[in-house]
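Analysis of the macromolecular model
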There are 2 protein chains.
Amino acid sequence: MIKLKYKINENNELVNYQNRGMELEKELNETNEYYKIHDIALISKRPTPIKVVKCQNKKITEAYFEESSSTDYNGVYKGKYIDFEAKETNSKTSFPLNNLQENQLFHIKNVVKNGGISFLIISFSLLEKYYLLMCRDLIEFLQNNERKSIPLSYIEKHGHEIKRGLIPPLDYLAVLEKIL
Amino acid sequence: MIKLKYKINENNELVNYQNRGMELEKELNETNEYYKIHDIALISKRPTPIKVVKCQNKKITEAYFEESSSTDYNGVYKGKYIDFEAKETNSKTSFPLNNLQENQLFHIKNVVKNGGISFLIISFSLLEKYYLLMCRDLIEFLQNNERKSIPLSYIEKHGHEIKRGLIPPLDYLAVLEKIL
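Small disclaimer: the values here were computed from a predicted structure and weren't measured.

Criteria and cut-off values
Residues numbered from 1 in each chain as written. Chains lettered and ligands numbered in written order. Predicted model: local features only at pLDDT ≥ 70, side-chain atom pairs only at ≥ 80, totals over all residues. Heavy atoms only, no water. Pairing = 2+ DSSP bridges. Helix = DSSP H or I, 4+ residues; strand = E, 2+ residues; numbered from the N terminus. Contact = heavy atoms within 4.5 Å. Polar contact = N/O pair within 3.5 Å; in protein donor to acceptor, adjacent residues only side chain to side chain. Least-squares fit on C-alpha atoms with pLDDT ≥ 70 in both. Phe/Tyr/Trp six-rings, centres within 6.5 Å; stacked < 30°, edge-to-face > 60°. Buried < 20%, exposed > 50% of the residue type's maximum accessible area, 1.4 Å probe, protein only. Axes fitted to C-alpha atoms, helices over the stretch in contact; angles between N-to-C directions. Parallel < 35°, antiparallel > 145°, perpendicular 65-115°, else oblique. Nonpolar A, V, L, I, M, F, W, Y, C, P; charged D, E, K, R; others polar. Expected span 1.5 Å × (residues − 1). Core = buried A, V, L, I, M, F, W, Y, C linked by side-chain atoms within 4.5 Å. Salt bridge = Lys/Arg side-chain N within 4 Å of Asp/Glu carboxyl O. Buried area = accessible area lost by both parts, 1.4 Å probe. pLDDT = per-residue confidence, 0-100.

Some details on the pairing of strand β4 (residues 50-56) of chain A
Residue and element names in this part refer to chain A. Two elements, β4 and strand β5 (residues 59-65), share 6 bridges in a ladder whose sense is antiparallel. The residue bridging V52 from the neighbouring strand is A63, located in β5. Connecting β4 to the antiparallel partner β5 that follows it, the hairpin turn spans 2 residues, and N57 within it adopts a positive phi of roughly 50 degrees.

Let's talk about the environment of B:N103
Residue and element names in this part refer to chain B. Mapped onto the fold, N103 is located in helix α3 (residues 102-113). Between the C-alpha atoms of N103 and L152, which are 49 residues apart in sequence, the distance is 24 Å. Ignoring any residue separated from it by four or fewer positions in sequence, one finds N103 in contact with E67, S68 and S69. A distance of 3.3 Å separates a polar side-chain atom of N103 from the backbone oxygen of S68.

Quick word on the relation of the copies chain A and chain B
The transformation that overlays chain A on chain B combines an axial shift of 0.0 Å with a rotation of 180 degrees, and the residual RMSD is 0.0 Å. This pairing of chains is accounted for by a two-fold axis. With an isologous cut-off of 70% or more, the 100% of interface residues of chain A that recur at the interface of chain B puts this contact in the isologous class.

Comments concerning the packing of aromatic side chains
All names here are of chain A. This model, assessed by the stated rule, comprises 17 aromatic pairs over all chains. Geometrically, the ring pair formed by Y35 and Y172 is edge-to-face, given 5.4 Å between the ring centres and 80 degrees between the ring planes. Of this pair, Y35 sits in helix α2 (residues 24-37) while Y172 sits in helix α6 (residues 172-179); the two residues are 137 residues apart in sequence, bridging distant segments of the chain. As far as the burial class goes, Y35 and Y172 line up, both buried. Feature note: the residues Y34, Y35, Y73, F84, F119 and Y172 constitute an aromatic cluster, connected by ring pairs.

Some remarks on the packing of α2(A) against α6(A)
Residues and elements named next belong to chain A. The N-to-C vectors of α2 and α6 enclose an angle of 70 degrees; their axes lie 10 Å apart at closest approach. When the axis of α2 is compared with that of α6, the two are roughly perpendicular. Note on element contacts: α6 touches α2 through Y172, L173 and A174, opposite L28, T31, N32 and Y35. Along the lines of polarity and charge, the residues of the contact of α2 with α6 split into 5 nonpolar, 2 polar and no charged.

Some details on helix α3 (residues 102-113) of chain A
Over its 12 residues, α3(A) runs 17 Å from end to end, which matches the ideal 16 Å to within 8%, given 1.5 Å per residue. Within α3(A) the residues assigned to the buried category are A:Q104, A:L105, A:H107, A:I108, A:N110 and A:V111. Those residues of α3(A) that are buried are in contact with β7 (80-89), β9 (117-124) and α4 (135-144) of chain A together with α2 (24-37) and β3 (42-45) of chain B. A:G115 lies just past α3(A) and shows a positive phi near 80 degrees.

Re the nonpolar core
Within the largest apolar cluster, 23 residues are counted, with the highest numbers of intra-cluster contacts made by A:L28, A:F84, A:F119, A:I121, A:L132, A:Y172 and A:L176. Elements represented by at least two residues in this core include exactly α2, β6 (73-77), β7, β9, β10 (129-134) and α6 of chain A. With 5 residues, α6(A) is the single largest residue contributor to this core. Filtering out sequence-adjacent residues up to four positions away, A:L28 remains in contact with A:Y73, A:F84, A:A86, A:I121, A:L170 and A:Y172. Residues B:Y73, B:I82, B:I117 and B:Y130 belong to the second largest nonpolar core, which totals 22 residues.

Side note on the pattern of salt bridges
Residues and elements named next belong to chain A. Applying the stated criterion across every chain yields a total of 16 salt bridges over all chains. The salt bridge partner of R164 is E27, with a shortest N-O separation of 2.5 Å. In this pair, R164 sits in the loop between β12 (160-161) and α6 while E27 sits in helix α2, placing the two residues 137 residues apart along the sequence. With relative accessibility at 21%, the residue R164 sits in the partly exposed group.

Side note on the interface of chain A and chain B
Taken together, the contact between chain A and chain B spans 34 residues of the former and 34 residues of the latter. Taken over both partners, the interface formed by chain A and chain B buries close to 2,700 Å², and the fraction arising from carbon and sulfur atoms is 62%. Per-residue buried area on chain A facing chain B is highest for A:I60, A:Y81 and A:N114; these three make up 22% of the total on that side. Our enumeration of links across chain A and chain B arrives at 2 salt bridges. A salt bridge links B:K113 to A:D39, with the shortest nitrogen-to-oxygen separation between them at 3.4 Å. Joining chain A to chain B, the criterion identifies 11 residue pairs in polar contact (both at pLDDT 80 or more). Among the secondary structure elements, those contributing two or more residues to the side of chain A that touches chain B are β4, β5, β6, β7 and α3 of chain A. Split by residue class, the side of chain A that touches chain B holds 17 nonpolar, 9 polar and 8 charged. Judged from the 4 bridges that link them, β5(A) and strand β5 (residues 59-65) of chain B form a sheet pairing that is antiparallel. The residue of β5(B) that forms the bridge with A:I60 is B:A63.

Thoughts on the confidence of the model for chain A
Residues and elements named next belong to chain A. A residue-level look at chain A finds 88% of positions with pLDDT of 70 or above and a mean pLDDT of 89. Taken as a whole, residues 1-6 scores under 50 in pLDDT and shows 15 contacts with residues more than four places along the chain or in a different chain. Note on residues 8-21: pLDDT under 50 across the span, and 34 contacts to partners over four residues away in sequence or across chains. Model confidence for the complex is summarised by a pTM of 0.86, with the ipTM given as 0.85.

Set out below in structure tokens:
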């Protein structure tokens, strides 16, 4: 199922692109499928909202992708509401905040207000590192900083590394379990 | 916002169609908006999944509606995961089970297994009655019955009536709060 991929990077090094070849979304979908099969949690990706303009019988002939007003994933873990956004960045030093839309931030704040468990999963592709950052820490950062990106050092300090595995590829609930 | 509608029904009676004019989905969306504004809960309708086949620039030119593999609504209430399906029936005596697809039932069972709060909201349009039926009671009915519909009497006994109001139109969380 997992293909090993190697490539020469910008520093002329042979890099294992296994992780990057299998995109973050795919890794998360596989992880969520694993959680579902093993009755660990039921978490899924929300469909991208699409505005349908014209429809002939069952065929849609004109439609447009809409901006999502919420995060990508939600579901249930031990009765608790789980909600997160997954983002990949090529930066090696920080997570650019323009990755998050205004209405997604609004949604995140609403989830936190209602007692839901809200976090980001950030993949630093070039570093091959994954972090889970609780949204309370994201909100605190936003309240105290004018910066347009979160430095990696902040994420290393306040976030929690998710080590990549095989099955499931990205066991983020094991990391969450330690935080809760 | 709410239009009063009157019509002659099959028994030649003048019927207030206020409820039916404003469909169940609209009533629930309004209720969920009320919950959101008042920080009571964050619950929303999932977008209908659409399979995109062709796309020119930002315009989708061929796509098809897909069968939903889950329920219509989910979200968070006091940290708890909430998941429900809303159905309307014209029957005056029972809720036809072909209203629920096989994969929806599968999803419902998974939600229950993971400790989520799962229920149906059933609107008997012609009776102008709304019920909340916990899915544990739905599952029990399915386990003990070969019937193709749930009799209204079962729903009256095991379900919980949701009285229609103005703001919010269908305060199902007030009913749920009493059950939990």
